[in-house]
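The chain contents come next:
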Amino acid sequence: MSDSTRDRIEGAVDKATGSGKSAVGDLTDNERMQGEGEVDQTKGDFKQGKADVKDKVGDIVKKVTN
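Residues numbered from 1 in each chain as written. Predicted model: local features only at pLDDT ≥ 70, side-chain atom pairs only at ≥ 80, totals over all residues. Heavy atoms only, no water.

> Would you take a moment to explain the environment of Thr65 for this structure?
On the secondary structure map, Thr65 appears in helix H2 (residues 31-65). Exposure remark for Thr65: the relative accessible area of 57% places this residue in the exposed category. For Thr65, the side chain forms a polar contact with the main-chain oxygen of Val61, separated by 2.9 Å. A polar contact is formed between the side chain of Thr65 and the backbone oxygen of Lys62, at a distance of 3.3 Å. (Helix = DSSP H or I, 4+ residues; strand = E, 2+ residues; numbered from the N terminus. Buried < 20%, exposed > 50% of the residue type's maximum accessible area, 1.4 Å probe, protein only. Polar contact = N/O pair within 3.5 Å; in protein donor to acceptor, adjacent residues only side chain to side chain.)

Spelled out as structure tokens, the structure:
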């Protein structure tokens, strides 16, 4: 599995976990859990963005070396 694929999967898991935490926090009025959920979602977005950058750099390297 490539690094970018791993980052995409981990990012999706973080976003799903964060979404669940935020929902539970909303239902229980738990501001800490809401915040943790938002942080997890942001980490997921970051990991998926990092995967996009890795893919683009890989594409550029392929173009230059061919």
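> Help me out: how do you make sense of a nonpolar patch on the surface in this one?
Together, Met1, Ile9 and Val13 line one region of the surface with nonpolar side chains, adding up to about 320 Å² of accessible area. Residue classification places Met1 among the exposed residues on the basis of a relative accessible area of 69%. (Patch = residues over 30% accessible without salt bridge, like charges linked within 9 Å, V, L, I, M, F, W, Y side chains within 5 Å. Areas by Shrake-Rupley, 256 points an atom, 1.4 Å probe, with all protein chains shown as cover. Salt bridge = Lys/Arg side-chain N within 4 Å of Asp/Glu carboxyl O.)

> How should H2 be read in this particular structure?
Given 3.6 residues per turn, any residue in an α-helix points the same way as the ones three and four places further on. If you check H2, its first and last C-alpha atoms are 51 Å apart, about what 35 residues at 1.5 Å a residue would give, namely 51 Å. Within H2 the residues assigned to the buried category are Gln34, Gly37, Asp40, Gly44 and Ala51. Buried residues along H2 sit in contact with helix H1 (3-28). Between a side-chain oxygen at the N-terminus of H2 and the backbone nitrogen of Arg32 the separation is 3.1 Å; the capping residue is Asn30. (Expected span 1.5 Å × (residues − 1). Contact = heavy atoms within 4.5 Å.)

> Help me out: how do you make sense of the environment of Gln34 in this one?
Position of Gln34 relative to the elements: it lies in helix H2. C-alpha of Gln34 to C-alpha of Gln48: the two residues are 14 residues apart in sequence and 21 Å apart in space. The contact partners of Gln34, leaving out residues within four places of it in the chain, are Lys21, Ser22, Gly25 and Asp26. Looking at Gln34, its side chain comes within polar contact range of the main-chain oxygen of Gly25, at 3.5 Å.

> Can you walk me through the pattern of salt bridges in this structure?
Side-chain pairing between opposite charges can occur once the charged atoms of the two side chains come close. The full count for this structure, using the stated rule, is 12 salt bridges. Of the charged contacts, one joins Lys47 and Glu10 as a salt bridge, the two residues approaching to 3.8 Å between their closest N and O atoms. Here Lys47, found in helix H2, pairs with Glu10, found in helix H1; they are 37 residues apart in sequence, far enough to count as distant. On the basis of relative accessibility, which here comes to 22%, the residue Lys47 falls in the partly exposed class. Within the structure, one salt-bridge network assembled from shared partners comprises Lys21, Arg32, Glu36, Asp40 and Lys43.

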